[in-house]
Amino acid sequence: MSEELNRERAELAGLAQRFGLPQTVSGEAFPPSQEGAPLIIDTDAGGDPDDAIALVIAAAEPSLALVSTVDELGGRRARFVRHLLDLLGREDVPVVAGADLGDTRMDCIAGLVPDSVAPQATDVATAVDDVVAKASGPVRWAGLGPATNLAALLTENPALAERLVVTQMGGALNYRDPERAEHNFRLDPAAANTLITRGKLPKLVLSDTTFTPAIEITKDSADWRKLSAPEAPAWARLVASHMAQWFDRFHPGTIQHDALALAAALQLPFVALRRERVVLDDIGRMTTAPDGNLVRLSVKADYPAFRAWLGRRLDAALEGTR
């Protein structure tokens, strides 16, 4: 077993011991580390600003190869992502506008994208095929919104399941409103079901794990003050303006669900996972079932360590683009 596999085993075992969790690291082989593999981000950036924060962190990854958008607003999410990546110096990363689900409520980017930012391409399948074709091994997929784009890819080309290492933010076993599914699964339950039935052992970073004030950025947070400072770089002022619209319209804080899911996709040791079999009902609510589909579910997270890492990464981005 390679050094990378041993490291992953040790990290998972350490998290289980640290949190008093059931031991899920056995003698069975772990999938190889995907460190350095091409990274695709699938995002509904433009609503809750946690997507934008995750994109800032992802932009520092040399392996970032593609960003697709989902739950589109007539292409405006993709244009926002293009503008943000350009300001971060990642003009090399293609952006493609994906599925539009007709949901216009989560729109916090009004007036933020210059008219000079052109509409982005719309063929997600071709863009993903291009990334996969250039890769000699696995390709990492970090789903930060509804799974609509991924479901279409896996339906049209089932062989992609063998190449895509999927981490999805979404789903819940104990959602705070038992009458509804978690947001990303609720917006497209059929796509969520395709994800768990056709994906190969996807990681699901559940709302049960991410929904906590321990990883929330508010106007009292040091990160907000740095992003909104007059001397902050242009990308930070864009994110701060986006956050201000969210604060005004929805909530006085943004919980960093997607940045935590991104950390899991990067195989960083903040999220403890266990293998479980799950099924979804017609509206996307998840339950465990002995004959369900095998996935890896988040169990618990080291929030202080994650929060410190996120702060360091934001500081590095701020310093690197001044």
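Note: the structure precedes this text.
Fair warning: this is a prediction, and the values are worked out from it, not measured in the lab.

Thresholds, definitions, all that
Residues numbered from 1 in each chain as written. Predicted model: local features only at pLDDT ≥ 70, side-chain atom pairs only at ≥ 80, totals over all residues. Heavy atoms only, no water. Phe/Tyr/Trp six-rings, centres within 6.5 Å; stacked < 30°, edge-to-face > 60°. Helix = DSSP H or I, 4+ residues; strand = E, 2+ residues; numbered from the N terminus. Buried < 20%, exposed > 50% of the residue type's maximum accessible area, 1.4 Å probe, protein only. Lys NZ or Arg CZ within 6 Å of the ring centre and 35° of its normal. Core = buried A, V, L, I, M, F, W, Y, C linked by side-chain atoms within 4.5 Å. Contact = heavy atoms within 4.5 Å. Pairing = 2+ DSSP bridges. Axes fitted to C-alpha atoms, helices over the stretch in contact; angles between N-to-C directions. Right-handed = clockwise from strand over helix to strand, strands pointing away.

A word on the packing of aromatic side chains
For the coordinates displayed, the defined rule picks out five aromatic pairs. Look at Trp224 and Phe247: their rings are 5.3 Å apart centre to centre, the planes differ by 65°, and that puts the pair in the edge-to-face class. One end of the pair, Trp224, is in helix H9 (residues 222–227); the other, Phe247, is in helix H10 (residues 234–249), and 23 residues separate them in sequence. Of the two residues, Trp224 and Phe247, both sit in the buried class. A centroid spacing of 6.1 Å and a plane angle of 70° characterise the contact between Phe270 and Phe306, whose relative ring orientation is edge-to-face. One end of the pair, Phe270, is in the loop between helix H11 (257–265) and strand E9 (271–280); the other, Phe306, is in helix H12 (residues 303–320), with 36 residues separating them in the sequence. Neither residue differs from the other here; Phe270 and Phe306 are each classed as buried. Among the aromatic side chains, those forming a connected cluster through ring pairs are Phe270, Phe306 and Trp309. Directly above the aromatic system of Phe211 lies the positively charged group of Arg176, at a separation of 3.8 Å from the ring centroid.

What about the nonpolar core?
Core analysis: the biggest nonpolar cluster contains 66 residues, and Ile41, Val67, Leu84, Leu227, Trp235, Val239 and Phe306 have the highest contact counts within it. Not counting residues within four places of it along the chain, the set of residues in contact with Leu84 comprises Ala52, Leu55, Val56, Trp235, Leu238 and Val239. Grouped together as the second largest cluster of nonpolar side chains are 32 residues, Val132, Leu150, Ala161 and Leu164 included.

Digging into the sheet that holds E9
Pairing is mixed across the open sheet formed by nine strands, whose spatial order is E3-E2-E1-E4-E5-E6-E11-E9-E10. The open sheet has two free edges, formed respectively by strand E3 (95–97) and strand E10 (286–288), since each of these has just one partner strand. Here the strands of the sheet are splayed against their neighbours by 30° on average, with no regard to which way each runs. Lying over the sheet, helix H7 (residues 189–198) contacts strand E5 (164–169), strand E6 (203–205), E9 and strand E11 (293–301), oriented at roughly 115° with respect to E9.

A short note on the pairing of strand E2 (residues 64–69)
Sheet faces and side chains relate simply in a regular strand, where the side chains alternate between the two faces. Most of E2 sits inside the fold, with five of its six residues counted as buried. Note: strand E1 (residues 39–43) against E2, five bridges, orientation parallel. Bridge assignment links Asp42 to a residue of E2, and that residue is Ser68. Pairing of E2 with E3 involves three bridges; the strand directions are parallel. Looking at the pairing, Ser68 lines up with Val96 of E3. Handedness of the β-α-β unit built from E2, helix H3 (residues 76–87) and E3 comes out right-handed.

Observations concerning H11
Two residues of an α-helix separated by three or four positions point the same way, owing to the 3.6 residues in each turn. Counting buried positions along H11 gives nine out of nine residues, so the element sits mostly inside the fold. Every buried residue of H11 is listed here: His257, Asp258, Ala259, Leu260, Ala261, Leu262, Ala263, Ala264 and Ala265. Within two residues after H11, Gln267 carries a phi angle of roughly 60°, on the positive side.

As for the pairing of strand E4 (residues 139–143)
Across the five residues of E4, five count as buried, placing the element largely inside the fold. Judged by which residues are buried, E4 turns out to be covered on both faces: Val139, Trp141 and Gly143 on one side and Arg140 and Ala142 on the other are all buried. In this structure, E1 lies alongside E4, joined through four bridges in parallel fashion. Within E4, the position partnered with Ile40 by the bridge is Trp141.

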